[in-house]
Amino acid sequence: MSTAGDPGLRRLAATLALGGEGPFANSDRTFAVRPEQQAMAAAVECAIATTGELIVEAGTGTGKTFAYLVPVLLGGARTILSTGTKTLQEQLFHRDLPRVREALGISVSSALLKGRANYLCLHRLDRSAGEALNAASEQQHDLSAIRAWAARTASGDIAEMGEVPESAPVWPSVTSTNENCLGAECAFFGDCHVVNARRAAMAADIVVVNHHLLFADLALKQEGFGELLPGAEVFVIDEAHQLPELAGQFFSQSLSARQLRDLGVDLAREAASVTGLLPVLAALLGDIEAAVRRLRFALDPLPRRGAWTLIAGLDGVNHAFDDVEQALDVIGNALVPHAEAHDGLAACRARAQEYLRRLRRARAPASSGHVHWFEISERGFNLSVTPLDVAEPLSEFRGQTRAAWIFTSATLAVGEDFSLFQQQAGLRDAETLRLPSPFDYERNALLYLPRGLPPPQSQGYTEQVVDRLRGALAASRGRAFCLFTSHRALQIAARLLGDLPYPLLVQGSA
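Worth saying up front: this structure is predicted, and the values here are computed from it rather than measured. (Residues numbered from 1 in each chain as written. Predicted model: local features only at pLDDT ≥ 70, side-chain atom pairs only at ≥ 80, totals over all residues. Heavy atoms only, no water.)

A. Representation of the packing of helix H15 (residues 315-334) against helix H17 (residues 343-363) in the model. Close contact between H15 and H17 brings their axes to 8 Å; oriented N to C, the two are set at 155°. Overall, the two elements H15 and H17 adopt an arrangement that is roughly antiparallel. Crossing geometry of H15 relative to H17 is assigned as left-handed. Along the contact surface, H15 presents Asn-318, Phe-321, Asp-322, Val-324, Glu-325, Leu-328, Asp-329, Ile-331 and Gly-332, while H17 presents Arg-349, Ala-352, Tyr-355, Leu-356, Leu-359, Arg-360 and Arg-363. (Axes fitted to C-alpha atoms, helices over the stretch in contact; angles between N-to-C directions. Helix = DSSP H or I, 4+ residues; strand = E, 2+ residues; numbered from the N terminus. Parallel < 35°, antiparallel > 145°, perpendicular 65-115°, else oblique. Left-handed = near helix turned anticlockwise from the far one by under 90°. Contact = heavy atoms within 4.5 Å.)

B. Region of interest: unusual backbone geometry. Located in the positive-phi region is Thr-51, a residue other than glycine, with phi close to 50°. Turning to its location among the elements, Thr-51 is positioned in the loop between helix H3 (35-49) and strand S1 (53-58). Even without a glycine there, the phi angle at Arg-402 is positive, about 50°.

C. Representation of the sheet that holds strand S9 (residues 381-387) in the model. Strand order in this open sheet of 4 strands is S6-S9-S8-S7, and the pairing throughout is antiparallel. Looking at the sheet topology across the chains shown, the edges are occupied by strand S6 (253-256) and strand S7 (305-307). Between one strand axis and the next, the sheet turns by 15° as a mean value, whatever way the strands run. Of the strand pairs in this sheet, strand S8 (residues 370-376) and S9 are connected by 7 bridges, and their pairing is antiparallel. Residue Trp-373 lies in a different strand from S9, and its bridge partner there is Ser-384. Lying on the sheet, H17 is in contact with S6, S8 and S9; it crosses S6 at an angle near 110°. (Pairing = 2+ DSSP bridges.)

D. Examining the confidence of the model for the chain more closely. Looking at the chain as a whole, its pLDDT mean stands at 87, while 92% of the residues score no less than 70. Within the model, the stretch residues 1-10 combines pLDDT values under 50 with 10 contacts to residues more than four positions away or in other chains. (pLDDT = per-residue confidence, 0-100.)

E. Structural view of the sheet that holds strand S4 (residues 206-210). Spatially, 7 strands are ordered S3-S4-S2-S5-S10-S1-S11 in an open sheet, and the strand pairing comes out parallel. Looking at the sheet topology across the chains shown, the edges are occupied by strand S3 (110-112) and strand S11 (431-435). Direction aside, neighbouring strands of the sheet carry axes that sit 15° apart on average. Relative to strand S10 (residues 404-409), S1 runs parallel, the two being bridged by 5 bridges. Following the sheet pairing, Leu-54 is matched in S10 by Ile-406.

F. Local environment of the layout of surface pockets. In this model, the second largest pocket occupies a volume close to 170 Å³. Within the residue set of the lining of the second largest pocket, elements represented by two or more residues are helix H5 (86-104) and helix H9 (193-203). For the lining of the second largest pocket, the element with the highest residue contribution is H9, accounting for 3 residues. For the lining of the second largest pocket, the residue count by class is 5 nonpolar, 4 polar and 4 charged. (1 Å grid on protein atoms, 1.4 Å probe; cavity = no way out; pocket = protein on both sides within 12 Å on 5 of 7 lines; lining within 4 Å. Points joined across faces, edges and corners; volume = space filled by probe spheres on them. Nonpolar A, V, L, I, M, F, W, Y, C, P; charged D, E, K, R; others polar.)

Here you go:
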């Protein structure tokens with residue numbers, strides 16, 4: 001029976017699909033009917049049918065992923081699914097979405113879309129040709145492996161390149177950012193992996209993204225540029241508790257020592273392709289590197305993070321800022337004769353001008369509704385101008401989409417009250433639903449606090465924790481989930497617990 005024309009029947013279908021006689025119960029013996037999951041599915045379907053805004057706090061074990069996927073697929077509307085991390089994004093796209101699609105017997109097209117830094121940049125790979133000879137042996141090996149992979153990859157997604165880990169230092173030199181991308185002027189634009197991924201997303205019924213990409217799109221729209229993501233009728237924001245903080249980051253304007261250093265590296269790379277230009281620019285590149293180094297040294301007496309007012313009266317710091325401003329201005333002017341004939345140099349000049357504007361704004365008196373602040377790291381610094389309230393731009397963006405918006409997480413309310421999240425996200429009129437976890441924690445959970453462990457920073461601490469886990473795992477007969485917050489801890493657990501007589505599932509989180 002088709003339910004496409006009747007919202008009431010669709011809501012009933014979503015609830016029944018997750019019931020004891022539904023397709024999931026019939027195809028999976030481990031499926032358990034959860035009234036909380038059915039209630040969430042009905043609320044999501046109602047929000048979709050009315051183009052409304054819905055906030056759902058669903059406790060652990062509710063099955064909220066299926067609770068929004070089922071009504072989304074049954075409704076047939078073009079949908080963007082956004083979640084908190086790339087790991088969750090991959091899980092949603094490769095595991096949860098296919099499972100729901102198969103159970104419901106619904107054929108919909110889907111696409112996985114990541115930020116541009118996750119795709120190989122053919123232009124920057126081409127420019128790296130002369131760098132391999134001067135690179136360390138490990139980086140030479142990685143570049144060679146990437147070149148071989150580049151000849152056979154269809155997607156350009158660096159996650160599929162198992163030989164070179166995503167944390168390898170070589171990747172920033174062969175991937176792009178919004179700042180160093182040449183756009184349509186690039187000689188490789190027709191084969192660009194980012195462009196191809198976006199085209200696939202434009203044609204898909206369901207697009208799976210992460211919050212960083214969603215906000216990058218939102219921030220670009222605020223500045224009047226084209227959108228990255230296709231228009232949609234439904235937006236589902238999973239792990240929605242992250243939104244207020246992420247929105248503050250993306251609506252900030254910032255300038256870091258790393259951005260300035262990367263500009264020098266990219267400018268040298270582009271200048272090397274023009275006969276005789278690199279020696280001419282060498283002194284200017286040295287000037288900006290030295291100015292950034294002097295500025296970082298001048299900031300050393302300050303706290304690691306603070307308001308801009310701590311800098312305002314320090315003559316030494318302000319003189320160092322003057323040097324960076326002058327170096328950026330000189331580089332921008334020096335590139336004028338070359339920018340028209342060389343797209344890469346034109347992009348570097350535009351970056352120098354943008355960084356100069358950001359630096360001057362950071363040094364200007366604080367404007368109403370913004371805070372000017374700095375952060376210092378071991379080798380660098382970051383200067384930011386951050387809005388105090390992101391509710392208005394978020395609300396404006398949602399209004400422009402004319403779509404249904406569903407926000408869900410296990411932690412959105414304070415007690416029974418959603419007003420804090422609603423205020424931060426500009427969702428004052430949204431419907432709210434709070435669903436407790438179906439788990440009976442009082443009868444099915446125990447708290448174990450091992451005694452006698454050394455301080456966490458002590459050598460051998462992780463080994464001792466894992467050793468204590470053996471008893472807990474034995475008592476649960478292997479029905480346990482262990483979460484480790486570092487790759488090293490995960491390796492230690494796998495090594496020390498590998499001899500257990502039952503399957504072991506461990507999860508790393510970085």
